[in-house]
Amino acid sequence: MSIKRRDFLKQAGLLAGAASVIPASAWSSSNVMPNDRITLGFIGVGKQGEGLLRGFLNSPETHVLAVCDVDANKMERARKNVDAYYSKQKELNYKGCDAYRDFRDVLERKDIDAVVIATPDHWHAIPAIMAARAGKDIYCEKPLTLTIAEGREMVNEVRRHNRVFQTGSMQRSSSGFRQACELVRNGYIGDVKTVRVSIRTGFIPHPIVCELPEEPKPAELDWDMWQGPAPNRPYNAILAPPISFTGYPAWRNYRDYSGGGMTDWGAHHFDIAQWGLGMDYSGPVEINPPDDKDYKLLTYKYANGVVMDTDFDDNRILFTGTDGWIDVNRSYLKASNPKLVNHKIGPNEIRLYHSNDHHDDWLQAIRNRRIPITDVEIGCRSVTVCHLGNLAVQLGRKLQWDPDTENFVNDPEANRLKERSKRSPWYL
């Protein structure tokens with residue numbers, strides 16, 4: 001019962017087109033009454049989740065009612081932070097933030113409008129799908145999924161239940177990236193020929209985790225719940241460090257939980273590449289792993305002839321066309337013609353969705369029941385590009401991909417890798 005792609009594209013095109021000429025700020029209200037605030041529950045309040053929590057707490061649009069984490073210390077820290085913030089907001093008639101170890105308890109709350117999911121990657125799809133079925137709108141961190149198949153399941157459930165879903169690929173709400181993509185889409189560098197996507201780290205260095213020694217499990221951690229649908233293995237702090245750890249946990253480097261740098265930074269930068277190429281609802285048709293002969297780098301080919309490759313030397317997106325180039329990352333926007341950096345895109349040219357605040361864009365989309373800037377379909381398509389690259393490297397050969405059917409062409413082995421079995425009792 002998958003949603004017909006043609007029907008979705010027609011709807012998405014109309015809604016996105018309407019929103020693209022109205023900035024998110026036009027919908028905002030700084031005087032939202034307490035009873036009109038969007039009520040939120042947070043699923044995962046570790047390093048990334050804690051940052052998201054601070055951001056949404058400071059929004060006059062929201063009221064945080066519940067937090068959830070499998071680590072009791074992180075859960076309690078989040079609860080105390082919410083209580084401390086709202087204790088000063090007398091007009092809210094605040095009664096305290098509830099805290100849970102199991103995300104299903106959050107989803108059962110009828111008084112929660114929407115959830116923010118900031119769990120490890122292997123725990124994105126199931127809570128998001130269950131949230132959609134529970135009637136919650138969803139903000140889910142990138143990379144959207146652990147596998148290709150999970151992405152399509154998420155899109156189908158969000159559409160089926162008419163939910164507003166924002167993927168946490170917040171670079172789309174940055175003026176520099178939007179300017180770069182508008183310049184490319186309007187032909188200011190001619191016909192695009194190549195795209196270089198540089199990401200900070202590379203492919204998955206550790207496909208398995210059996211080399212990690214078993215360590216004593218902290219009393220505050222529900223290790224079985226942390227693993228969830230992933231294969232069962234003994235605890236090691238490198239995967240789920242205690243609250244005192246200040247860096248980034250290394251679960252991203254293991255295939256059971258993530259896709260390494262390809263999905264971590266790749267979900268950001270491939271997303272911008274797709275935006276600039278006008279491929280939000282499509283993708284490449286051929287993927288070649290590096291072989292030191294024909295392809296020095298991981299190389300994607302699109303049906304229109306554009307070639308996109310990937311290196312791990314920098315952190316940027318470089319579009320090259322017949323008449324110049326555009327180079328962009330989070331700290332700069334450069335062009336072969338420097339005047340393009342501050343060039344004003346005309347009203348009759350292609351204008352992309354304008355958002356200056358990724359979080360507020362989601363909140364206003366909830367209020368107006370419209371598609372946000374990084375909708376679930378976009379998150380699905382962008383992370384699929386990441387997964388395609390990882391699978392080509394894993395299999396060590398060229399892959400042919402049909403972005404319309406989302407299947408590998410005449411390749412049963414590769415198609416089997418679009419999904420993975422999940423540990424009982426978790427399944428899609």
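Cut-offs used in this document
- Residues numbered from 1 in each chain as written.
- Predicted model: local features only at pLDDT ≥ 70, side-chain atom pairs only at ≥ 80, totals over all residues.
- Heavy atoms only, no water.
- Helix = DSSP H or I, 4+ residues; strand = E, 2+ residues; numbered from the N terminus.
- Buried < 20%, exposed > 50% of the residue type's maximum accessible area, 1.4 Å probe, protein only.
- Contact = heavy atoms within 4.5 Å.
- Areas by Shrake-Rupley, 256 points an atom, 1.4 Å probe, with all protein chains shown as cover.
- Expected span 1.5 Å × (residues − 1).
- Pairing = 2+ DSSP bridges.
- Axes fitted to C-alpha atoms, helices over the stretch in contact; angles between N-to-C directions.
- Parallel < 35°, antiparallel > 145°, perpendicular 65-115°, else oblique.
- Left-handed = near helix turned anticlockwise from the far one by under 90°.
- Nonpolar A, V, L, I, M, F, W, Y, C, P; charged D, E, K, R; others polar.
- Core = buried A, V, L, I, M, F, W, Y, C linked by side-chain atoms within 4.5 Å.
- Lys, Arg positive; Asp, Glu negative; His and termini not counted.
- Salt bridge = Lys/Arg side-chain N within 4 Å of Asp/Glu carboxyl O.
- Polar contact = N/O pair within 3.5 Å; in protein donor to acceptor, adjacent residues only side chain to side chain.

1. Digging into the overall build of the protein chain
Along the protein chain, the regular secondary structure elements total 13 helices and 15 strands. Counting every position in the protein chain, which comprises 428 residues, the buried fraction comes to 55%. Of the contacts made within the protein chain by residues no fewer than 6 positions apart, 72% connect residues no fewer than 24 positions apart. Of the roughly 18600 Å² of accessible surface on the protein chain, 50% is carried by carbon and sulfur atoms.

2. Comments concerning helix 12 (residues 376-395)
Relative to the 28 Å expected for 20 residues at 1.5 Å per residue, helix 12 spans 28 Å between its end C-alpha atoms, a close match to the ideal helical length. Of the residues one or two after helix 12, Gly396 is the one with positive phi, at around 70 degrees.

3. Concerning the environment of Pro403
Looking at where Pro403 falls in the secondary structure, it is placed in the loop between strand 14 (399-402) and strand 15 (407-408). When the C-alpha positions of Pro403 and Tyr302 are compared, they lie 9.9 Å apart, and in sequence the two are 101 residues distant. When sequence neighbours within four positions are dropped, the list of residues in contact with Pro403 reads Ser282, Gly283, Pro284, Val285 and Arg381.

4. Digging into the sheet that holds strand 10 (residues 307-311)
Read from one edge of the open sheet, nine strands run 13-12-11-7-10-9-8-14-15, paired in mixed fashion. A strand with exactly one partner marks an edge of an open sheet, and here the two such strands are strand 13 (333-335) and strand 15. Each of strand 7 (192-198), strand 11 (316-321), strand 12 (324-328) and strand 13 is contacted by helix 7 (residues 175-185), which is oriented at about 160 degrees to strand 12, the strand it contacts most.

5. Digging into the packing of helix 10 (residues 266-277) against helix 12
The angle between the axes and the distance between the axes are what describe a pair of packed helices. Packing of helix 10 against helix 12 leaves a shortest axis separation of 8 Å and a crossing angle of 110 degrees. The orientation of helix 10 relative to helix 12 falls into the category roughly perpendicular. Where helix 10 crosses over helix 12, the two elements pack in a sense that is right-handed. Of helix 12, the residues touching helix 10 (which contributes Gly266, Ala267, Phe270, Asp271 and Gln274) are Ile378, Arg381, Ser382, Val385 and Cys386. For the contact of helix 10 with helix 12, the residue count by class is five nonpolar, three polar and two charged.

6. Thoughts on the nonpolar core
Val195, Tyr300, Met308 and Ile326 are the most contacted members of the largest nonpolar core, which has 47 residues in total. Not counting residues within four places of it along the chain, the set of residues in contact with Val195 comprises Ala273, Leu277, Val306, Val307, Met308, Asp309, Ile317, Leu318 and Phe319. Counting residues in hydrophobic clusters, the runner-up holds 42 residues, among them Phe103, Ile129, Trp223 and Ala240.

7. Let's talk about the side chain of Asp69
Positionally, Asp69 belongs in the loop between strand 2 (62-68) and helix 3 (72-86). For the buried residue Asp69, which engages in no salt bridge, the nearest side chain bearing the opposite charge is Lys74, 5.6 Å off. Polar contacts involving the side chain of Asp69 include one to the main-chain amide nitrogen of Val45, which spans 2.8 Å. Those residues in contact with Asp69 that sit more than four places away from it in its chain are Gly44, Val45, Gly46, Lys74, Met75, Tyr100 and Arg101.

8. A short note on the environment of His268
Residue position: His268 is located in helix 10. Distance from His268 to Lys142, taken between C-alpha atoms, is 7.9 Å for residues 126 residues apart in sequence. For His268, the residues in contact, after removing those within four places along its chain, are Lys142, Gly168, Ser169, Met170, Gln171 and Arg330.

9. Overview of the pattern of salt bridges
For the structure on display, the rule yields 31 salt bridges. Between Arg160 and Glu157 there is a salt bridge, with its nearest N and O atoms 2.4 Å apart. Taken together, the residues span about one helical turn, with Arg160 and Glu157 both in helix 6 (residues 148-160) at a distance of three residues. Asp411 is paired through a salt bridge with Arg397; the nearest N and O atoms lie 2.5 Å apart. One end of the pair, Asp411, is in the loop between strand 15 and helix 13 (412-416); the other, Arg397, is in the loop between helix 12 and strand 14, and 14 residues separate them in sequence.

10. Comments concerning the sheet that holds strand 1 (residues 38-43)
The six strands lie next to each other as 3-2-1-4-5-6, forming an open sheet whose pairing is parallel. Both edges of this open sheet fall to strand 3 (98-100) and strand 6 (165-167), since each of them pairs with a single strand only. Between one strand axis and the next, the sheet turns by 20 degrees as a mean value, whatever way the strands run.

11. Observations concerning unusual backbone geometry
At the junction of Lys142 and Pro143, the peptide bond is cis and its omega measures out at -15 degrees in the coordinates. Between Ser424 and the following residue, Pro425, the backbone shows a cis peptide bond with an omega angle of 10 degrees. Within the secondary structure, Pro425 is located in the segment after helix 13. Of note, the phi angle at Glu406 is positive, near 55 degrees, even though the residue is not glycine.

Everything listed here is a matter of geometry and, on its own, says nothing about what the molecule does.
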